[in-house]
Amino acid sequence: QKEVEQNSGPLSVPEGAIASLNCTYSDRGSQSFFWYRQYSGKSPELIMSIYSNGDKEDGRFTAQLNKASQYVSLLIRDSQPSDSATYLCAVRRDSNYQLIWGAGTKLIIKP
Amino acid sequence: SQTIHQWPATLVQPVGSPLSLECTVEGTSNPNLYWYRQAAGRGLQLLFYSVGIGQISSEVPQNLSASRPQDRQFILSSKKLLLSDSGFYLCASRVDNYGYTFGSGTRLTVV
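The structure presented is a predicted model; accordingly, all values stated were derived computationally and were not measured.

Calculation criteria
- Residues numbered from 1 in each chain as written.
- Chains lettered and ligands numbered in written order.
- Predicted model: local features only at pLDDT ≥ 70, side-chain atom pairs only at ≥ 80, totals over all residues.
- Heavy atoms only, no water.
- Helix = DSSP H or I, 4+ residues; strand = E, 2+ residues; numbered from the N terminus.
- Rg over C-alpha atoms; globule rule 2.2 N^0.38 Å.
- Buried < 20%, exposed > 50% of the residue type's maximum accessible area, 1.4 Å probe, protein only.
- Contact = heavy atoms within 4.5 Å.
- Areas by Shrake-Rupley, 256 points an atom, 1.4 Å probe, with all protein chains shown as cover.
- Lys, Arg positive; Asp, Glu negative; His and termini not counted.
- Charge placed at Lys NZ, Arg CZ, Asp CG, Glu CD.
- Disulfide = S-S within 2.5 Å.
- Buried area = accessible area lost by both parts, 1.4 Å probe.
- Salt bridge = Lys/Arg side-chain N within 4 Å of Asp/Glu carboxyl O.
- Polar contact = N/O pair within 3.5 Å; in protein donor to acceptor, adjacent residues only side chain to side chain.
- Nonpolar A, V, L, I, M, F, W, Y, C, P; charged D, E, K, R; others polar.
- Phe/Tyr/Trp six-rings, centres within 6.5 Å; stacked < 30°, edge-to-face > 60°.
- Lys NZ or Arg CZ within 6 Å of the ring centre and 35° of its normal.

What should I look at first to understand the overall build of chain B in this one?
The helix and strand inventory of chain B stands at zero helices and 11 strands. The order of helices and strands in chain B, counted from the N terminus, is β-β-β-β-β-β-β-β-β-β-β. For 111 residues, the compact-globule estimate of 2.2 N^0.38 gives 13 Å, and the C-alpha radius of gyration of chain B, at 13 Å, lies within 12% of that figure. Its C-alpha atoms give chain B principal-axis dimensions of roughly 40 × 25 × 20 Å. Out of the 111 residues belonging to chain B, those deemed buried represent 48%. Residue pairs in contact within chain B that sit at least 24 positions apart in sequence constitute 53% of those at least 6 positions apart. With an accessible surface of roughly 5,300 Å², chain B has 51% of that area assigned to carbon and sulfur atoms. Positive and negative side-chain charges in chain B, numbering 8 and 6 respectively, have mean positions lying 9 Å apart.

As structure tokens, then:
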């Protein structure tokens, strides 16, 4: 079992709809979670971090964390074509603060 | 805020040639530094990380090496490149308890 798992996609969502990206992790003791966006040919950029159970909202983005079920998700409201990218989930290993990465989900927003 | 400089942006090298990629960090001190490789359409593979000058940990056995001669300088090297060394090389920095910040990356093609 991989430490961090994501559906590789592609996930196709119509413009204006809600895109839902999911990530599960195996280390029940993990406390810090991150979502990165990576455009094709570019480096990853941090878009959201979440540390507590529940929802965290930032503009059109909402991160959701459920530690009991060991999953973290990212919702993108009012999806735009510019949101088309690969979204990487990362979980911090608290023993050495290293990030453990999922393989990423490719999101395609169709106009 | 910190900025990570990586160069060159693209590189085409013949098999068997040496490699040197440099990463420098501005705007912070004593960062944890990381070298990642990303094959086309794949996730991030951690190659090396460093918690301080002269301190290098290797995650994957290979023909690459890393050095950290100064606090904010991280170098990735190879004496003889293989075809399998092709990929997108990313330097990342972590300060405090936040996620990583990435440089713009170097796309290496070994021919």
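Teacher, can you tell me more about the environment of Ser84(B) here?
When you line up the elements, Ser84(B) lands in the loop between β8 (73-78) and β9 (87-94). It is 9.3 Å that separates the C-alpha atoms of Ser84(B) and Thr109(B), two residues lying 25 residues apart in sequence.

Got a minute to help me understand the state of the cysteines in this structure?
Disulfide: a covalent bond formed between the sulfur atoms of two cysteine residues. For the coordinates displayed, the defined rule picks out two disulfides over all chains. Between the sulfur atoms of Cys23(A) and its disulfide mate Cys89(A) the distance is 2.0 Å. Between Cys23(A) and Cys89(A), the S-S torsion sits near -70°, and that sign places the bridge as left-handed. Taken together, the residues span a long stretch of sequence, with Cys23(A) in strand β3 (residues 19-25) and Cys89(A) in strand β9 (residues 85-93) at a distance of 66 residues. A single burial state applies to Cys23(A) and to Cys89(A), both of which are buried. Covalent S-S linkage joins Cys23(B) and Cys91(B), the inter-sulfur distance amounting to 2.0 Å. The chirality of the disulfide connecting Cys23(B) with Cys91(B) is left-handed, given an S-S dihedral of about -65°. Remark: Cys91(B) occurs in strand β9 and Cys23(B) occurs in strand β3 (residues 19-26); sequence separation between them is 68 residues.

Explain the interface of chain A and chain B to me, please; I cannot follow it from the model alone.
For interface size, the figure often reported is the accessible area lost on association. At the interface, 16 residues of chain A touch 19 residues of chain B. Counting the surface chain A buries against chain B, the share from its top three residues, Tyr97(A), Gln98(A) and Trp101(A), is 34%. One can count zero salt bridges joining chain A with chain B. Inspection of the chain A/chain B interface yields six residue pairs in polar contact (both at pLDDT 80 or more). Listing elements by their share of the side of chain A that touches chain B, those giving two or more residues are β4 (33-38), β9 and β10 (98-101) of chain A. Its residues assigned to classes, the side of chain A that touches chain B comprises nine nonpolar, five polar and two charged.

Is there a simple way to think about the pattern of salt bridges in this case?
Should the charged atoms of two oppositely charged side chains come close, the side chains can pair. All names here are of chain B. One pass over the full model with this rule turns up seven salt bridges over all chains. Between Asp-71 and Arg-68 there is a salt bridge whose closest N-O contact spans 3.3 Å. Look at Asp-71 and you get partly exposed, because its relative accessible area is 21%. On the accessibility criterion, Arg-68 (2% relative accessible area) is buried.

Would you take a moment to explain the packing of aromatic side chains for this structure?
Both the distance between ring centres and the angle between the ring planes are used here to describe each pair of aromatic rings. Tallied over the full model, the rule gives 13 aromatic pairs over all chains. Centre to centre, the rings of Trp101(A) and Tyr36(B) are 6.1 Å apart; their planes meet at 85°, and the pair counts as edge-to-face. With Trp101(A) in strand β10 and Tyr36(B) in strand β4 (residues 32-38), this pair bridges two chains. In this pair, the class of Trp101(A) matches that of Tyr36(B), namely buried. Taken together, the ring pairs in this structure connect Tyr36(A), Trp101(A), Tyr34(B), Tyr36(B), Tyr49(B), Tyr100(B) and Phe102(B) into an aromatic cluster. We note Arg60(A) situated over the ring of Phe61(A); from NZ or CZ to the ring centre the distance is 5.6 Å. Between the NZ or CZ atom of Arg107(B) and the centre of the ring of Phe88(B), over which it lies, the distance is 4.4 Å.

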